[in-house]
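This is what each chain is made of:
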Amino acid sequence: MSSQFILLGIIFIIFLVACAKRVNAYASFVKGVKDGWLLFNDMYPALLAMMLAVVLLRKSGMLEMSGQFFSQFIPIVPKEIWPMVFFRPISGSASLAILADIFTQCGVDSFTGFMASVIQGSTDTTFYVITLYFSSVGVTKIKNALSSGLIADVVGITMAIVLSILFFH
């Protein structure tokens, strides 16, 4: 109930500021929509290419095989977690789909569910950020950003696994 009043208050404040500054709020809104549409058109090919790559990896069975492979070396990490580890730096929507699958297969309150949730919150979609945001502004030298992002992902995933084992196992 109060959230409705907060939203109404924000709209009212925007209207008051626009009136005080003598700005055509509707024209500014339409210009923002046009700019957003142009940005979408610039980013869509990169997004589509990334989504295709994710689907190909999933359909090929490569992620399941790699999950089984890595579970041999680190048996305390459930095999269902490994696809999440691989997809999280690539795509947020793919990692959310994997998270939903983990919840369906293992349960929301399971150790695997807790670990997947911590991984989801501890890392970012490095390749997604670099592909979309850097390409939309024309940045071509991504070496340092990519290496820093991947190091942060490895640290985040490692700490998520360690903390999940310490707190939930």
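Values in this document were obtained by computation on a predicted structure and should not be read as measured data. Within each chain, residue numbers correspond to sequence positions counted from 1 in written order. Where totals are concerned, whole chains, interfaces and linings use all residues; where local detail is concerned, this predicted model gives features only for residues with pLDDT of at least 70, and gives and counts side-chain atom pairs only at 80 or more. Hydrogens and water are ignored here; the side-chain numbers use all heavy atoms of the structure.

Quick look at the packing of helix α7 (residues 126–137) against helix α8 (residues 143–168)
Between N-to-C directions, angles span 0 to 180 degrees; the directions come from axes that are lines fitted to C-alpha atoms, helices contributing only their stretch in contact. Helix and strand labels come from DSSP, where a helix needs a run of H or I of at least four residues and a strand needs a run of E of at least two; each type is numbered from the N terminus. Their axes nearest at 9 Å, the elements α7 and α8 cross at an angle of 150°. Put simply, α7 runs roughly antiparallel to α8. The way α7 lies across α8 gives a crossing that is right-handed. Only Ala145, Leu146, Gly149, Leu150 and Asp153 of α8 make contact with α7, whose side of the interface consists of Thr126, Phe127, Ile130 and Phe134. Orientation is classified from the angle alone, with under 35 degrees giving roughly parallel, over 145 giving roughly antiparallel, 65 to 115 giving roughly perpendicular, and any other angle giving oblique. Helix crossings fall into two classes, left-handed where the near helix is turned counterclockwise from the far one by less than a right angle and right-handed where it is turned clockwise. For this analysis, residues touch if any pair of their heavy atoms sits within 4.5 Å.

Brief notes about the nonpolar core
Core analysis: the largest hydrophobic core is formed by 18 residues, its most contacted members being Ile81, Met115 and Ile119. In contact with Ile81, other than residues within four places in its own chain, are Ile102, Thr112, Met115, Ala116 and Ile119. For this analysis, a nonpolar core means a set of buried residues of the types Ala, Val, Leu, Ile, Met, Phe, Trp, Tyr and Cys, connected via side-chain atoms within 4.5 Å. Using a 1.4 Å probe on the protein chains alone, a residue whose accessible area is under 20% of its type maximum counts as buried, one over 50% counts as exposed, and one in between counts as partly exposed.

Considerations on a nonpolar patch on the surface
The grouping of Ile151, Val155, Met159, Val162, Leu163, Leu166, Phe167 and Phe168 at the surface amounts to a nonpolar patch, some 790 Å² of accessible area in total. Within the secondary structure layout, Leu166 lies in helix α8. What makes a patch is a set of residues exposed beyond 30% relative accessible area and free of salt bridges, joined within 9 Å when like-charged and within 5 Å when nonpolar (Val, Leu, Ile, Met, Phe, Trp, Tyr). Per-residue and other accessible areas were derived by the Shrake-Rupley procedure at a 1.4 Å probe size, with only the shown protein chains allowed to occlude residues. We define a salt bridge as a side-chain nitrogen of Lys or Arg found within 4 Å of a carboxyl oxygen belonging to Asp or Glu.

A few points about the packing of helix α6 (residues 111–122) against α8
Between α6 and α8, the shortest axis-to-axis distance is 9 Å and the interhelical angle comes to 145°. Between α6 and α8 lies a crossing of right-handed hand. In contact with Phe111, Phe114, Met115, Val118, Ile119 and Ser122 of α6, α8 contributes Gly156, Ile157, Ala160, Ile161, Ser164, Ile165 and Phe168. Only Asp, Glu, Lys and Arg are considered charged, only Ala, Val, Leu, Ile, Met, Phe, Trp, Tyr, Cys and Pro nonpolar, and every remaining residue, Gly among them, polar. Of the residues that constitute the contact of α6 with α8, the class distribution is ten nonpolar, three polar and no charged.

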